[in-house]
Every structure is written in structure tokens, then in C-alpha cells.
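Geometric and topological summary
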Amino acid sequence: MAVYSRTPLAFERGEGARLYTGDGEAYLDCMAGIAVNALGHANPILVKALKDQAEKLWHTSNIFTIPGQERLAKALTDASFADVVFFTNSGSEAIEVAIKTARKYHWAKAQPERIDIIGFDGSFHGRTLGAINAAGNPNYTEGFGPPLPGFVHLPYGDFDAVKAAVGPTTAAIILEPVQGEGGARSWPEQMLRDIRALCDETGTLLIYDEIQCGLGRTGKLFAHEWAGHASPDIMALAKALGGGFPVGACVATAEAAQGMTVGSHGSTYGGNPLAMAVGEAALAEIVKPELMAHVREIAGFFTQQLSGLIERFPDVVQEVRGKGLLIGLKLKTPNREFMQHARDNHLLLAGGGDNCVRLLPPLNLTLEEASEAIGKLEASCEAARAKAKAPQDKVGA
Ligand SMILES: *Cc1c(COP(=O)(O)O)cnc(C)c1O
């Protein structure tokens, strides 16, 4: 189906932060499959985990015990607020589980009227019907039938609106602690704590979508950890969890998951042995304190260098935002054009809402590679500036 606006650029292989075309042209990958290849391409640890498992067992069924699931679930719960885990194949599926878990919780507590899921402008939760309704972005819901009942949308970052909206039919609040696709916007830490407190007062469940901002991307294992006492009840993960192998997870407290009893949900592939082997190996790398320190160091370098970029190119770059290695550049020239300028300089960037481009490099990007990325961004800014000036020159001439 013609659903993607694809660039005519194909890659044959990758290594670390580099992607190579069939002709052997190298590109510096600062989008990492949209925050998926967190440990770089063809990471030997992940390759080995996948190969070893591939020779033993690919798939059984969730009617059997899957030891890899038990191990990865233990690693995830040891490292987070959560007690229980459901494994999926994608982020959207993890969001579906999160929404179902929240509604079923209130049903199990004899409050079946509590079905409303409160979401925010600029959020992205995936492309299933539930996920597009939770995010409420009209670009993604238009043409797909009437809005589903039980979803409420509020402006981003307005705590008074949240307070006013939470009522007797509210089931849960869903948000990305750092919005990804919406343009790398980080929720104020105090507001996350306020929302947590409001949820506690009103018996509302708090769902975080950390599919993009979680798993080390911001320099802590989970982005909400920056806010201190603001843990959710339910959290959706995916992207970096498999480092490129499709796997997602919905993690929750035992309290929040109490409605999810035998038969409440299921998946044929979710948590299959291949996914679990890679997920276990990837998570073991990501939880390492050295890696988190490295992310913070590289992020600090980017912050400093990018503020220099704004000074030199105020006509191109308006603002730098985001957290850790989820970096957004809000541009004054069209972001799609800027991505092409970057590709011309063999640098790969992701797009984003609000006319942003995003840098989402592998978490193990080296300082030399980060510095190379800055050079390529400078060249891209020069090209954007030249392009913006060109039509005026013609008018003048
Ligand atoms: C990518 C993403 C999703 C959707 O994940 P899929 O694997 O594409 O279904 C949901 N939420 C956020 C924040 C994401 O970045």
C-alpha cells in the first residue's frame, strides 16, 4: 500500500552507527530506525543471541511456559516499578494492552463506568484504532470512522485542564514523558509529579508511553525517572527493547493488572523465544550504568554544540529541545527539505511534528561520531540557508 513517503535510498548492511548502501556508500545513522537500533547495527552481542536461539527453538506457543519470557520479565520488573509484564510484537500492541488493562482494572473494581482515557495534543501512541484514538491526532484518525467513545484529548502541558477533566468516568491518563514524534517535547518534571498525585487522589491509573523515550534514550533507564516520584501504574515499551528485533512489552503493577486474568488477552507471537533471546541480551546492555553515563555525556556534547548551531544559523534553527539522545531541532526552514540536505551530507535524521527534525542516534554513539554529526548538521544548515535565500535572489535579479 502506498502509505509511506519513501526516500529512494536503500541500505545493504550496517555496523554500529553506520549504514552502507549496495554501492558501499556510508551514512552516519542518527535516527537508528527511529530509536530502535539503540545498540547500533549488527551489534555482535545481539547477533550472537539471535543466532544461538535460532539454532535451538523459534516458536512454541503461549500455552506453554517460555523460560525466556520469565527471564526478560524478571529483568524488566527488577529494573522498574512494575510487577508483571505482557509481551507484544510492537509498540501499538503494547499500547492496546495498556488501555485494556486500565479499563479492566476499573471493571474488576466494580466501576465499569470508568472507561475514559485522557490523552494529549502532540502525542503519538501508534497506528491501531485504539492507539490513534488515544492520541487523537486528526492526521491519523481522519477517514477511519467516528472517534471511538471513551477517549478525551487535552492540550499538552496544561495541568489545570487535566485537573478539570478527571472525573467519575476517567479510567486513566496516558502520556509520553518525552514526546517523540510530536517533536521531542519533554513534560515538565513537576507536572509529572502533580499528575501522579492527582491520579493517586482520584483512583485514576497513570499510563506512560515510553516506547521511544524509555530504555536509556534519555540517559536514565526510563525517562520518568528524571521526575523522581512520578512512576506510572502501567507502561508501554518497544523500539529499543529488541534493538531491531520486533518486540514490545506492557509492564504494570500487580494492582493495576488485577483485571487481566486468564483469557483477558493474548498473542500468538508475543514473547516468542527469538524475541526474548534478543530482548534479554539488549536489556542487559542497556541497564549498564556505564552506558547511561555515556548517553548523558554524548547528550551534553550535543546540547552544547547545538546551541552554537542556533547562534550561527538563527535563520535555520529556532530551538533545540528534548532530553538525552532524544533531540529535536525546531526549524525555520521546512524539516523535510532539511532531512534531504542531511542525507546529501550522508547524515540520517528522523522527522517530527511541529517542523522538527529528530536526532535519535544509537546510545553507544562515540564522541567522534557525535562530532562528525555536528559537522554534517552545519553543512545541512548552510544548504538550508542557501535554499531559503535562492528564490529571493531571483526576485531581486
Ligand atoms: C513508535 C511509537 C509507537 C508505536 O510503535 P509501533 O511499534 O510502530 O507500533 C507508540 N508510541 C510511541 C511513543 C512511539 O514512538
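Described in the following lines is the structure provided in the data block. Just so you know, these numbers come straight off a predicted model, no measurement behind them.

Concerning the pattern of salt bridges
In this structure the tally under the stated criterion is 16 salt bridges. Across the pair Asp-78 and Lys-74 runs a salt bridge whose closest N-O atoms are separated by 2.6 Å. Placement of the pair is Asp-78 and Lys-74 together in helix 3 (residues 67-78), with a separation of four residues, close to one helical turn. For Asp-78, a relative accessible area of 56% translates into the label exposed. A salt bridge links Asp-354 to Lys-330; the nearest nitrogen and oxygen atoms lie 3.3 Å apart. Taken together, the positions of Asp-354 in the loop between strand 16 (350-352) and strand 17 (356-359) and Lys-330 in strand 14 (residues 326-331) put the pair 24 residues apart, joining distant regions of the chain. Classification of Lys-330 as buried rests on a relative accessible area of 15%. What you see here is one network of salt bridges that share partners, running through Glu-319, Arg-321, Lys-330 and Asp-354.

Here we look at the site of the ligand
For the ligand, the full set of nearby residues is Ser-90, Gly-91, Ser-92, Phe-124, His-125, Gly-126, Glu-176, Asp-209, Ile-211, Gln-212 and Lys-239. Measuring from an oxygen atom of the ligand, one finds a side-chain N or O atom of Ser-92 at 2.5 Å. Within the backbone of Phe-124, a nitrogen or oxygen atom sits 3.1 Å from a nitrogen atom of the ligand. For the ligand, whose free accessible area comes to 390 Å², the fraction covered by protein is 81%. Along the lines of polarity and charge, the residues of the shell around the ligand split into two nonpolar, six polar and three charged.

Concerning the packing of aromatic side chains
Scanning the model with the defined rule gives five aromatic pairs in all. Pairing Phe-124 with Tyr-140 gives two aromatic rings, centres 5.8 Å apart and planes at 75°, and the pair type is edge-to-face. Placement of Phe-124 in the loop between strand 5 (116-120) and helix 5 (129-135) and of Tyr-140 in helix 6 (residues 138-141) is noted, with a sequence separation of 16 residues between them. Exposure remark for Phe-124: the relative accessible area of 18% places this residue in the buried category. Put simply, the rings of Phe-120, Tyr-156 and Trp-187 pair up and form one aromatic cluster. The ring of Tyr-156 is capped by Arg-185, whose NZ or CZ atom sits 3.9 Å from the centre of that ring. When the ring centre of Trp-226 is taken as origin, the NZ or CZ atom of Lys-220, which lies over that ring, is 4.7 Å away.

Re the sheet that holds strand 13 (residues 317-323)
One open sheet accounts for four strands, arranged 13-14-17-16; its pairing is antiparallel. The open sheet is flanked by strand 13 and strand 16, the only strands paired with a single partner. For this sheet the average axis-to-axis angle between neighbouring strands, irrespective of direction, equals 30°. Inspection of the sheet shows strand 13 paired to strand 14 by six bridges, in the antiparallel sense. By the bridge assignment, Arg-321 is partnered in strand 14 with Gly-328.

Looking at the packing of helix 3 against helix 9 (residues 273-286)
Helix packing geometry: the angle between the two helix axes and the distance between the axes. Axis separation between helix 3 and helix 9 bottoms out at 9 Å; the angle between their running directions is 25°. If you check the angle between helix 3 and helix 9, you find them roughly parallel. Considering the relative orientation of helix 3 and helix 9, their crossing is left-handed. In this structure, helix 3 uses Gly-68, Gln-69, Arg-71, Leu-72, Ala-75 and Leu-76 to contact helix 9, whose residues at the interface are Met-276, Gly-279, Glu-280 and Leu-283. Of the residues in the contact of helix 3 with helix 9, the class split is five nonpolar, three polar and two charged.

Here's the deal with helix 8 (residues 189-202)
For helix 8, spanning 14 residues, the distance from its first C-alpha to its last is 20 Å, which sits close to the expected 20 Å at 1.5 Å a residue. Three or more residues of helix 8 are buried, namely Met-191, Leu-192, Ile-195, Arg-196, Leu-198 and Cys-199. Projection of helix 8 onto a plane perpendicular to its axis shows the buried side chains occupying an angular sector of 165°, all on one side. For helix 8, the exposed residues set more than 90 degrees away from the buried face come down to Asp-200 and Glu-201. In this structure, the buried residues of helix 8 make contact with helix 7 (159-165), strand 7 (170-175) and strand 10 (205-209). Count one or two residues on from helix 8 and you reach Gly-203, which has phi positive near 70°.

Topic: the pairing of strand 5
In terms of residue burial, strand 5 counts as a mostly covered element, since five of its five residues are buried. The two faces of strand 5 match: Asp-116, Ile-118 and Phe-120 on one face and Ile-117 and Gly-119 on the other face are all buried. Where strand 5 meets strand 7, three bridges bridge the pair, whose relative direction is parallel. Bridge pairing in strand 7 links Asp-116 to Thr-170.

The rules behind the values
All chains use their own residue numbering, which begins from 1 and follows the written sequence. The model is predicted, so local features are restricted to residues of pLDDT at least 70 and side-chain atom pairs to those at 80 or more, both for listing and for counting; the totals for chains, interfaces and linings are taken over all residues. The side-chain values count all of the structure's non-hydrogen atoms but skip hydrogen atoms and water molecules. The salt bridge definition used is simple: a Lys or Arg side-chain nitrogen within 4 Å of an Asp or Glu carboxyl oxygen. Only DSSP runs of H or I with at least four residues qualify as helices, and only runs of E with at least two residues qualify as strands; both kinds are numbered from the N terminus onward. Here's how the labels work: a residue is buried when its accessible area is under 20% of the maximum for its type, exposed when over 50%, partly exposed in between, all with a 1.4 Å probe on protein chains only. A molecule or strand has a residue near it when one of that residue's heavy atoms lies within 4 Å. N or O atoms closer than or at 3.5 Å make up a polar contact, with two conditions inside protein: a donor-capable atom paired with an acceptor-capable one, and, for residues adjacent in sequence, both atoms drawn from side chains. What sets the accessible areas is the Shrake-Rupley method with a 1.4 Å probe; for residues, cover comes only from the shown protein chains. Following the grouping adopted for this structure description, the nonpolar residues are Ala, Val, Leu, Ile, Met, Phe, Trp, Tyr, Cys and Pro, the charged ones are Asp, Glu, Lys and Arg, and the polar ones are all others, Gly among them. Classification of ring pairs rests on two measures: the distance between centres of Phe, Tyr or Trp rings, Trp counted by its six-membered ring, which must be within 6.5 Å, and the angle between planes, read as stacked under 30 degrees, edge-to-face over 60 and tilted in between. Remark: a charge is flagged as sitting over a ring if the NZ atom of Lys or the CZ atom of Arg is within 6 Å of the ring centre and within 35 degrees of the ring normal. DSSP calls a pair of strands paired once it identifies at least 2 bridges connecting them. Note on geometry: axes are C-alpha line fits, over the in-contact stretch for helices, and angles between N-to-C directions span 0 to 180 degrees. Oblique is the label for any angle not covered by the other classes, which are roughly parallel (under 35 degrees), roughly antiparallel (over 145) and roughly perpendicular (65 to 115). Handedness of a helix crossing follows the sense of rotation of the near helix relative to the far helix, less than a right angle counterclockwise being left-handed and clockwise being right-handed. Contact criterion: two residues are considered in contact whenever any of their non-hydrogen atoms come within 4.5 Å of each other. Each residue after the first adds 1.5 Å to the expected span of a helix. The reported arc concerns the directions from the helix axis to the C-beta atoms and nothing else.

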